[in-house]
Amino acid sequence: MTEPRPTGLPSYGLRPAPSASRPRDERPGVTGLLPEELGAWFTAHDQPAYRARQVQDAAWRGGQESFDQILTLPTALRPELDAAFRFDTMSETEVRITDGGLTEKALHRLSDGLLIESVLMHYPARGESRERHTLCISSQAGCAVGCPFCATGELGMERDLETAEIVDQVRHAARRLAANGQHLTNVVFMGMGEPLLNLDRVLESIAALNDPKRFGLGARHIAVSTSGVVPGIRRLTALGPQFTLAVSLHAARDALRDVLVPLNRRWPVAEVMEAAREHARATGRRVTYEVTMIDGINDTDHDADAMAQLLRGELAHVNLIPMNPVAHTPWTGTPLPRVERFAARLATAGIATTIRFNRGTEIGAACGQLAAEHAGQAAPLVVQRRRERLVNESAAALRGERSHEPAPAGVGEEGP
Ligand code: SAH
Ligand code: SF4
């Protein structure tokens, strides 16, 4: 069931997070099991080891939707498996298609009723580059970090996802693609939640996606995005070159980043950069820095120059993304000419920069937007108070004043 909302979280006067509506199904999802764990279950049931492989193949590669449909298994064994494990941890999935078929947004209901999202983006072949199908997945239901421009941040934290709940988002997309003779080429942890605050489960799911006997996706095709959880970045660095690390930077100046990414009050820009720099140095992999561009807030020449100064000489790539409109913020995305101006200033400083457009804006493809919609409307007064507070906080930040708000509770004290 739902954990009580942590106290001290900067709530911006938000409505309470949508609660789970029923108890969680305690049966582990089959895709969250290690091959040896599944093997042990079959051994305990006096079954040959190859049965585990049959189940794993069906779960990861087959078109079956339940244990009952795995016809290679003895009939009597199927209900036993069903009593022990869930074949699919998504109890319901609704898919909405937009961008002329280029973006597919899936809203998944979990066993306890919580909603999470995944977004599948199709990129047709262009010139030298082959066609790509990238899935953006969630790592938590809600998020404790509470970035004010993010629909997930608005929802508050519900709970960490289980390993199977993370990888089953991938399985759903892979099935839809397979039906069209296509396959998934990239997975990015850029949906709901802060992956480095659920790092054990995220690493287990990456191992499953990476394992040639399970999903078999190359690590280079996986990216993990963080709002700057420094101990988590260090843990990833210790694992060596793996997947791409993306850091949601948004602002190079602490006063502003304190407002845009409340976790900055715990791990400020210099500490995040030190960890990211060390990651690039130790792994030899370029770190991606994401900047969600908000009109008049973090998109000035001054911000571009501060960012150029911060990243000059780093193994870095910057992605500029105009903010998707989100309810309850007083802000809008930066208009394209100013995004281009910002990009040009970074490029002049020798920093590789790309402008990205959030796909599927019309169906709310910014993370958490669909789930937020389903959570219902906040009272107008609450929205108004939150907007006023953001206007005041960002105005103070633009004058260079640091915030006195505490860091989000429960996410910084001991690290992940
Ligand atoms: N919690 C992690 C990963 C999920 S958010 C993180 O913050 O990095 C993935 C990306 O979506 C982040 O860079 C985030 O800043 C961006 N994002 C969130 N809301 C957005 C919005 N309304 N418009 C554009 N980008 C947004
Ligand atoms: Fe959480 Fe990332 Fe959204 Fe910030 S941007 S609230 S860290 S999901």
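Remember, predicted model here, so these are calculated numbers, not experimental data.

**Q** Tell me about the overall build of the chain, and please be specific about residues and values.
**A** When helices and strands are tallied, the chain shows 13 helices and 12 strands. A total of 416 residues make up the chain; the buried ones form 55% of that total. In the chain, the share of contacts with a sequence separation of at least 24, taken over all contacts with a separation of at least 6, comes to 71%. Surface summary for the chain: the accessible area is close to 17700 Å², and the carbon and sulfur share equals 52%.

**Q** Provide a residue-level description of the sheet that holds strand β9 (residues 244-248), including the pertinent values.
**A** Taken in spatial order, the 10 strands line up as β1-β2-β3-β4-β7-β8-β9-β10-β11-β12 in an open sheet, and their pairing is mixed. Where the open sheet ends on each side, the last strands, each with one partner, are β1 (90-98) and β12 (352-355). Taken pair by pair, the neighbouring strands of this sheet meet at an average axis angle of 20°, ignoring direction. Direction of pairing for β9 relative to strand β10 (residues 287-293): parallel, over a ladder of three bridges. Counterpart to Ser248 in the pairing with β10 is Glu290. Relative to strand β3 (residues 115-123), helix α5 (residues 163-178) is tilted by about 40°, and along the sheet it contacts β1, β2 (103-110), β3, β4 (132-136) and β7 (186-189).

**Q** For helix α9 (residues 269-283), give the residues involved together with the corresponding values.
**A** The periodicity of an α-helix, 3.6 residues per turn, causes residues three or four places apart in sequence to face the same way. In a regular helix each residue adds 1.5 Å, so 15 residues correspond to 21 Å; α9 covers 21 Å between its end C-alpha atoms and thus fits that length. Buried residues along α9 sit against α7 (230-238), β9, α8 (254-260), β10 and α10 (301-311).

Calculation rules
- Residues numbered from 1 in each chain as written.
- Chains lettered and ligands numbered in written order.
- Predicted model: local features only at pLDDT ≥ 70, side-chain atom pairs only at ≥ 80, totals over all residues.
- Heavy atoms only, no water.
- Helix = DSSP H or I, 4+ residues; strand = E, 2+ residues; numbered from the N terminus.
- Buried < 20%, exposed > 50% of the residue type's maximum accessible area, 1.4 Å probe, protein only.
- Contact = heavy atoms within 4.5 Å.
- Areas by Shrake-Rupley, 256 points an atom, 1.4 Å probe, with all protein chains shown as cover.
- Pairing = 2+ DSSP bridges.
- Axes fitted to C-alpha atoms, helices over the stretch in contact; angles between N-to-C directions.
- Expected span 1.5 Å × (residues − 1).

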